[in-house]
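# Reading the structure
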Amino acid sequence: MNAAGLAGAAALGFPRPALAQGEPLRIGWLAAMTGPSSAPTVGFNRGVVFATEAINGAGGIKGRKIEIVTRDSQGDPTKAVNAVQEMISQAKVHAIWGPTNSGEALATTPIMARAKMPNIHPCVIDSLIDPAKYPNAFRIAPSNTQWDDAVRNYCLKVLKVKRVAVIGDTTGYGVTAAKASAAAFKQDGAEVVYLGNIDSTQPDMTPDMLRARNAGAETLVVWSVSTGMDARLFNTRARMGWDVPIVGHPSMASGEIGGLLEKPANWDKVYAVGYRSCSYDESGKLTPRSEEFVARLKGKVPLSDTLLWWVAAGYDAVSLIAKAVEETGSSAPDAIVKHWNGLTKYPGIFGDYTYTAKEHNGYPTEEVVMSAANSGRDGSFRLAPGYS
């Protein structure tokens, strides 16, 4: 066994000796690898591959190697449904990681619940987590309410704006998130002067941006996973000479946006949802756990064109599934779910996860912050102005 394999095993807490080889642990990976919603999936996938290679290189889980069964949903709920059904009935996966887009998850979560398939995903729509309806589904990332609270609090308490425009894309996620965000702003006393949904492939953002400006918006709140749409919004804002801050979805900080901008300055005053585990301090240092993780990724996994939290969450998802099998000695669905229901501050890279039988939102709210979107370095970011 090589040094890299030993390091990977030690980091994940798995035993180093390889035991008797058994049936592979098949993890379904429902991934929008292509299409307009693919940016997060590319990062997640790098974490999935890195974790899998580390575990398998160290002998697997009690001699069982991990086999990742990847299906590209292309961000299409219909394709996602077909992929899930095939994973369950034909590929015989033991657990499913994904999908990564809430629009797909709205279609696939009930199917996995009926099949009692252990499922862990990063999709943020609140209704996707309901232990009574979906006792097998767990969230590895914050809920949309946690994201929404961070964005709204930053707009109202730090930027001190009172008139906001809320924009989402036309996916199931974008429509739901924009509507929920606008409702929460109104409840907190802000005036939502414009609420709209834009097709993420729409080439010209000018009509919507003009409506928002003419309505008197003091900030734009954007909910979309499409980096292309984000970049067009930033470019349009610059061409209009409109110096309004843009606050919202983590995708607005994705490294690939840099190549889509007409000029770097178009990325100024953009604040994206971020996390303390993936934020660096004034001296440029990450948290110790994240520093160690980035050091292990160096030369193996590129971070310049993605987000560290995407890579870390993909890594943690595989780890959480593997650890459940390692601890229980079983890949049976009820064993995996029971193990997850007993986790308290499980030390992942992205965060410390806590789940119970009645709470399947496992990410700590206090770790959700806002980042300066154009400050990316190895997929991590400087905290937005206003944080200590």
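Because the structure is predicted, anything quoted here is derived from the model rather than measured.

What follows concerns the pairing of strand E6 (residues 163-169). Look at any regular strand and the pattern is simple: side chains alternate between the two faces of the sheet. Most of E6 sits out of view: six of its seven residues are buried. Bridge count for E6 against strand E7 (residues 191-198) is seven bridges, and the pairing is parallel. The partner of Ala165 across the bridge, within E7, is Tyr194. Note that the unit made of E6, helix H6 (residues 172-187) and E7 has a crossover that is right-handed. Two elements, E6 and strand E8 (residues 219-223), share five bridges in a ladder whose sense is parallel. Residue Ile167 lies in a different strand from E8, and its bridge partner there is Val222.

It is worth spelling out the pattern of salt bridges at this point. Considering all chains together, one arrives at 16 salt bridges under this definition. One salt bridge connects Asp188 with Arg152, and the closest N-O pair in it is separated by 2.8 Å. Placement of the pair is Asp188 in the loop between H6 and E7 and Arg152 in helix H5 (residues 144-158), with a sequence separation of 36 residues. According to the relative accessible area criterion, Asp188 is partly exposed, its value standing at 43%. A salt bridge links Asp352 to Arg289; the nearest nitrogen and oxygen atoms lie 2.7 Å apart. Here Asp352 is found in strand E13 (residues 352-353), whereas its partner Arg289 is found in helix H9 (residues 288-297), with 63 residues between them in sequence. Classification of Asp352 as partly exposed rests on a relative accessible area of 28%. It is possible to trace a salt-bridge network through shared partners that takes in Asp148, Asp149, Arg152 and Asp188.

What follows deals with the UniProt feature "domain: Leucine-binding protein" (unreviewed entry) in the protein. Sites flagged by UniProt as "domain: Leucine-binding protein" (unreviewed entry) map to residues 24-361. End C-alpha atoms of residues 24-361 are separated by 29 Å, and the span's content is 42% helix alongside 17% strand.

What follows concerns the side chain of Asn119. Mapping Asn119 onto the fold places it in strand E4 (residues 119-121). Look at Asn119 and you get buried, because its relative accessible area is 1%. For Asn119, the side chain forms a polar contact with the main-chain oxygen of Ile96, separated by 3.1 Å. Once residues within four sequence positions are removed from consideration, Asn119 is found in contact with Ile96, Gly98, Met112, Asn136, Ala137, Phe138 and Trp340.

Further remarks concern empty space enclosed by the protein. Applying the stated criterion across every chain, the model contains two cavities of 30 Å³ or more. In terms of lining residues, the largest cavity is bounded by 15 residues, among which Thr100, Pro122, Trp147, Val225 and His249 are the most central. At the level of secondary structure, the elements contributing two or more residues to the lining of the largest cavity comprise helix H2 (39-57) and helix H10 (308-328). When the residues that make up the lining of the largest cavity are grouped by side-chain class, the tally is ten nonpolar, five polar and no charged. Taken domain by domain, the makeup of the lining of the largest cavity includes at least three residues from each of domain 1 (25-142 + 292-364) and domain 2 (145-282 + 369-383). By volume, the second largest cavity is sized at about 70 Å³. For the lining of the second largest cavity, the secondary-structure elements that each account for two or more residues are strand E10 (270-275) and H10. Looking at the lining of the second largest cavity, the element that brings in the most residues is E10, giving three residues. Its residues assigned to classes, the lining of the second largest cavity comprises nine nonpolar, three polar and no charged.

Conventions and cut-offs
- Along each chain, residues carry numbers from 1 onward, in the same order as the chain's sequence is written.
- Only residues with pLDDT of 70 or above have their local features reported here, since the model is predicted, and side-chain atom pairs are shown and tallied only from 80 upward, although totals for entire chains, interfaces and linings are computed over all residues.
- Only hydrogens and water are removed before side-chain values are computed, so all heavy atoms of the structure are retained for them.
- Here's how the labels work: a residue is buried when its accessible area is under 20% of the maximum for its type, exposed when over 50%, partly exposed in between, all with a 1.4 Å probe on protein chains only.
- Only DSSP runs of H or I covering at least 4 residues are called helices, and only runs of E covering at least 2 are called strands; the numbering of each starts at the N terminus.
- Two strands are counted as paired when DSSP detects at least two bridges linking them.
- A right-handed crossover is one whose linking path, passing over the helix from the first strand to the second, runs clockwise when the strands point away from the viewer.
- Throughout this description, the term salt bridge denotes a Lys or Arg side-chain nitrogen within 4 Å of a carboxyl oxygen of Asp or Glu.
- UniProt positions are given in the numbering used here, feature names are shortened, and annotations may be inferred rather than shown by experiment.
- The definition of a polar contact used here is a pair of N or O atoms within 3.5 Å, where within protein one atom must be able to donate a hydrogen and the other to accept one, and adjacent residues in sequence count solely through side-chain atom pairs.
- Between two residues, a contact is recorded if the distance between any of their heavy atoms is within 4.5 Å.
- A cavity here means a set of points on a 1 Å grid, drawn over the protein atoms and nothing else, where a 1.4 Å probe fits but cannot get out; a pocket is an open set with protein on both sides within 12 Å along at least five of seven lines, and a residue lines either one if it has an atom within 4 Å of a point.
- Grid points are joined across faces, edges and corners, and a volume is the space filled by probe spheres set on the points.
- Classification convention: Asp, Glu, Lys, Arg as charged; Ala, Val, Leu, Ile, Met, Phe, Trp, Tyr, Cys, Pro as nonpolar; all other residues, Gly among them, as polar.
- Domain extents, as shown, originate in an automatic or database domain assignment.

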